[in-house]
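Chain residues, written in single-letter form:
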Amino acid sequence: MRSNPFCVLPMSIIFGIEGTAWNLSAAIVDENDVLAETTATYRPASGGIHPREAAQHHASHIGKVVRETIKKGGRNIDAVAFSQGPGLGPCLRTVATAARALSLSLNVPLVGVNHCIAHIEVGRWKTQASDPVTLYVSGANSQVLAYRAGHYRVFGETLDIGIGNALDKFARSVGLPHPGGPRIEELAKEALQYIHLPYTVKGMDFSFSGLSTAAQEAHKKHALPDVCHSFQETAFAMLVEVTERAVAHTGKKEVLLAGGVGANMRLRQMLGMMCEDRGIEFYVPEKRFMGDNGAMIAYLGLLMFKAGYRTQVPDSRVDPDFRPDEVVVKWR
Ligand code: ATP
Ligand code: FE2
């Protein structure tokens, strides 16, 4: 730890590694800023993500990514944080092995963190949001979360695949390059009509698999821009409905958007309108903090390190199904 000239409390410096899926990313943060970050992205030659290939990518790049990050800002590191889950098993194991080795070689503690909570905490750090309902939408994940009584509770989530994977799956089936989300967003702007597609909200949960298949069917009869537009309108309305109901239920006054699908301007517009109607604040972090990034893992590691969390090596096994509500939150 080093001292902070503006504050009597010592500053902590944490090294974090993310690698749950495509992105391998390492970063060093302190309370104020990201001191260094290095990313290497796995891009499959064709189709979607192959877990073992992604893990091989991470294994062959991790040495360089860690060394470069240390070179850019690696002084006085207090702990090494890593994504313990959820994510793809082979990728998680590669990153955890590197994190254990680094913590041993630097002789500092290890802090295993939950990837979903890291998305929320980096959003709270990088925006004015203090106690939001978070809509976390990425390739593999789609969840509505909020803090209550010592846990981040999942108020609603996908019953099958994440919204990003649903968009990518549809895009692939109509011959669009991967990742499909941004291409679908562009094409949707040229639409002339809305086509009815299945809207599936069950209780507080949603489902996207049927929507993706129905969109493929619809494309046999309708123009691609119309189907892209209708896919977005239907899927995003489902997400906004559940987010709004979580806001009504919890009484929270803020909504935070997280995850790679949060780059979508139409989704932002729809959430923004809902928040405006309810007279609550809507926060969107800078794009580099929305998709998977090492800084978010390092920052949650910092909060947890300061609150006394330490992960002993025998407890550092990864959990591909690690749920955010399993974590007892002592840093808030
Ligand atoms: P996680 O491990 O959290 O599931 P991920 O590996 O899916 O993350 P992210 O960067 O969070 O990575 O999200 C990638 C997803 O975001 C892809 O499915 C991609 O199609 C989608 N996406 C990116 N930009 C847009 C956009 N403008 N509109 C819709 N979807 C988008
Ligand atoms: Fe993520």
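Throughout this document, residue positions are counted from 1 along each chain, in the order its sequence is written. The naming scheme follows written order: chains are lettered A onward, ligands numbered 1 onward. Reporting of local features is limited, given that this is a predicted model, to residues whose pLDDT is at least 70; pairs of side-chain atoms are given and counted only at 80 or more, and all residues count toward the totals for whole chains, interfaces and linings. Hydrogen atoms and water are omitted, and side-chain values are computed over all heavy atoms in the structure.

Considerations on the coordination of the iron ion (ligand 2)
Note the cut-off: In this description, a donor is an N, O or S atom within 2.8 Å of the metal centre, a cutoff extended to 3.2 Å for sodium, potassium and calcium. Water is not part of the atom list, which can make sites seem incomplete. Comment: elements are numbered from the N terminus, with helices defined as DSSP H or I runs of at least four residues and strands as E runs of at least two. Three labels apply to residues, based on accessible area from a 1.4 Å probe with only protein chains included: buried if under 20% of the type maximum, exposed if over 50%, partly exposed otherwise in between.
Taken together, the protein donors to the iron ion (ligand 2) comprise H115 (NE2), H119 (NE2), Y136 (OH) and D292 (OD), at separations of 2.1 to 2.5 Å. Summarised as a motif, the one-chain spacing of the donors to the iron ion (ligand 2) is H-x3-H-x16-Y-x155-D. Here the residue H119 occupies a position in helix α3 (residues 115-126), and Y136 occupies one in strand β8 (residues 133-137), the gap between them amounting to 17 residues. The buried category is assigned to Y136, whose relative accessible area is 0%.

Remarks on the packing of helix α4 (residues 163-173) against helix α6 (residues 209-218)
Rules: Only the stretch in contact is used when a helix axis is fitted, and all axes are lines through C-alpha atoms; the angle between N-to-C directions ranges over 0 to 180 degrees. Orientation categories follow fixed angle ranges, with anything under 35 degrees roughly parallel, anything over 145 roughly antiparallel, 65 to 115 roughly perpendicular, and all other angles oblique. Left-handed describes a crossing in which the near helix is turned anticlockwise from the far one by less than a right angle; the clockwise case is right-handed. In what follows, residue pairs with any heavy atoms lying within 4.5 Å of each other are defined as contacts.
α6 packs onto α4 with a crossing angle of 20° between their chain directions and a minimal axis gap of 9 Å. Taken together, the axes of α4 and α6 lie roughly parallel to each other. Between α4 and α6 the crossing geometry is right-handed. Where α4 approaches α6, its residues A166, K169, F170 and S173 are matched on the opposing element by S209, S212, A215 and Q216.

Notes on the pairing of strand β6 (residues 79-85)
The cut-off we apply is this: Pairing between two strands is assigned when DSSP locates at least 2 bridges connecting them.
Across the seven residues that make up β6, a large majority, seven, are buried. In terms of strand pairing, strand β3 (residues 14-18) meets β6 through four bridges, oriented parallel. Note that in β6 the partner of I14 across the bridge is A79. Sheet topology note: the β6/strand β7 (residues 110-114) ladder contains five bridges and is parallel. Looking at β7, one finds that A81 is bridged to V111.

Quick look at helix α9 (residues 294-306)
Heads up, the rule is: Every helix has an expected span of 1.5 Å times one less than the residues it contains. Polar contacts here mean pairs of N or O atoms no more than 3.5 Å apart (in protein, one a potential hydrogen donor and the other a potential acceptor; neighbouring residues in sequence count only if both atoms are side-chain atoms).
Compared with an ideal rise of 1.5 Å per residue, which puts 13 residues at 18 Å, α9 spans 18 Å between its outermost C-alpha atoms and is within 8% of the ideal. The element α9 is largely enclosed, with a buried count of 12 among its 13 residues. Along α9, the positions that sit buried rather than exposed are G294, A295, M296, I297, A298, Y299, L300, G301, L302, L303, M304 and F305. On the buried face of α9, the contacting elements are β3, β4 (23-29), β5 (34-41), β6, β7 and α3. A side-chain oxygen of the first residue of α9 lies 3.4 Å from the backbone nitrogen of A295; this N-cap is N293. Just beyond α9, the residue with positive phi is G308, at close to 100°.

Quick look at the nonpolar core
The nonpolar side chains of a soluble globular protein tend to be buried with one another. Rule in force here: We define the nonpolar core as a collection of buried residues of types Ala, Val, Leu, Ile, Met, Phe, Trp, Tyr and Cys that are connected through side-chain atoms lying within 4.5 Å of one another.
I163, F170, F208, F231, L239 and L267 are the most contacted members of the largest nonpolar core, which totals 45 residues. Listed by contribution, the elements that provide at least two residues to this core are β8, β9 (142-148), α4, α5 (180-188), α6, α7 (224-250), β13 (254-258) and α8 (265-278). When neighbours within four sequence positions are excluded, F170 is seen to be in contact with I184, S212, A215, Q216, L224, V227, C228 and F231. Judged by nonpolar contacts, the second largest core, of 39 residues, contains I14, A129, V154 and F289.

Regarding the site of ligand 1
Where we set the bar: Proximity criterion: a residue is near a molecule or strand once any of its heavy atoms comes within 4 Å of it. What sets the accessible areas is the Shrake-Rupley method with a 1.4 Å probe; for residues, cover comes only from the shown protein chains.
Around ligand 1 there are 25 residues in total, and Y136, S138, G139, D168 and E185 lie nearest to it. The side chain of N141 places a nitrogen or oxygen atom 3.3 Å from an oxygen atom of ligand 1. Interatomic distance of 3.0 Å between a side-chain N/O atom of N264 and a nitrogen atom of ligand 1. Alone, ligand 1 offers 640 Å² of accessible surface; in the complex the protein occludes 88% of this. Mapped by element, the contributors of at least two residues to the shell around ligand 1 are α3, α4 and α5. No other element matches the four residues that α5 contributes to the shell around ligand 1.

Structural notes on the domain arrangement of the protein chain
Our working rule: Source of the domain bounds: an automatic or database domain assignment. Accessible area that two parts lose when put together, evaluated with a 1.4 Å probe and summed over both, is termed the buried area. Salt bridge, as used here, is a side-chain nitrogen of Lys or Arg placed within 4 Å of a carboxyl oxygen of Asp or Glu. Side-chain classes follow a simple rule in which Ala, Val, Leu, Ile, Met, Phe, Trp, Tyr, Cys and Pro form the nonpolar group, Asp, Glu, Lys and Arg form the charged group, and the remainder, Gly included, forms the polar group.
According to the domain assignment, the protein chain contains domain 1 (14-120 + 289-326) and domain 2 (131-284). For domain 1 and domain 2, the distance between their C-alpha centres works out to 27 Å. Across the boundary between the two partners, domain 1 contributes 15 residues, which contact 20 residues of domain 2. Here domain 1 and domain 2 share an interface that buries about 1,400 Å² over both sides, 66% of which is from carbon and sulfur atoms. Looking at the side of domain 1 facing domain 2, the largest losses of area belong to I120, M290 and D325, adding up to 45% of the total buried there. Inspection of the domain 1/domain 2 interface yields one salt bridge. Per-class residue counts for the side of domain 1 that touches domain 2 are seven nonpolar, five polar and three charged.

Digging into the sheet that holds strand β10 (residues 151-157)
Taken in spatial order, the five strands line up as β10-β9-β8-β13-β14 in an open sheet, and their pairing is mixed. Pairing within the sheet leaves two strands with one partner each, and these edge strands are β10 and β14 (281-283). Ignoring which end each strand starts from, the neighbouring axes of this sheet average 25° apart. Note: β8 against β13, four bridges, orientation parallel. Within β13, the position partnered with L135 by the bridge is L257. Lying over the sheet, α7 contacts β8, β9, β10 and β13, oriented at roughly 155° with respect to β8.

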